[in-house]
Amino acid sequence: MSEKTDLDPRYLDKRTVQRYITQGLVDEKAWEKHLKALTDVADKATRVDTISEDDPIDDDEE
């Protein structure tokens, strides 16, 4: 795998990719091309409701 042409999956986290671009581990043009190639899957998302035991549901019960 070429360091700058193929994107290593471990460098694709959007929270850290800028650091890897600065370090020369990710080519910025390759990153932009990768982002444009991603498909929009927002319509496949489902809502997830969660309740934490620490969340006060009924404060009146005290």
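The present account deals with the structure reproduced in this document. (Residues numbered from 1 in each chain as written. Predicted model: local features only at pLDDT ≥ 70, side-chain atom pairs only at ≥ 80, totals over all residues. Heavy atoms only, no water.)

### Digging into the overall build of the chain
Defined as follows: Think of it this way: any DSSP run of H or I at least four residues long counts as a helix, any run of E at least two long counts as a strand, and we number them from the N terminus. With a 1.4 Å probe rolled over the protein chains alone, any residue whose accessible area is under 20% of its type maximum counts as buried; one over 50% counts as exposed, and the rest are partly exposed. Surface exposure here means Shrake-Rupley accessible area, sampled with a 1.4 Å probe, where a residue is shielded only by the protein chains that are shown.
Counting its secondary structure elements, the chain contains 2 helices and 0 strands. Across the 62 residues in the chain, those meeting the buried criterion constitute 16%. When the accessible surface of the chain is totalled, it reaches about 6,000 Å², and 47% of it is carbon and sulfur.

### Structural notes on the pattern of salt bridges
How we decide: Any Lys or Arg side-chain nitrogen found within 4 Å of a carboxyl oxygen on Asp or Glu counts as a salt bridge.
Taken as a whole, this structure holds 3 salt bridges when the rule is applied. Across the pair Asp 8 and Arg 10 runs a salt bridge whose closest N-O atoms are separated by 3.0 Å. The exposure class assigned to Asp 8 is buried, which follows from its relative accessible area of 16%. Close ionic contact of Asp 49 with Arg 47 constitutes a salt bridge, the shortest N to O distance being 3.0 Å. Grouping residues by exposure puts Asp 49 and Arg 47 together as exposed.

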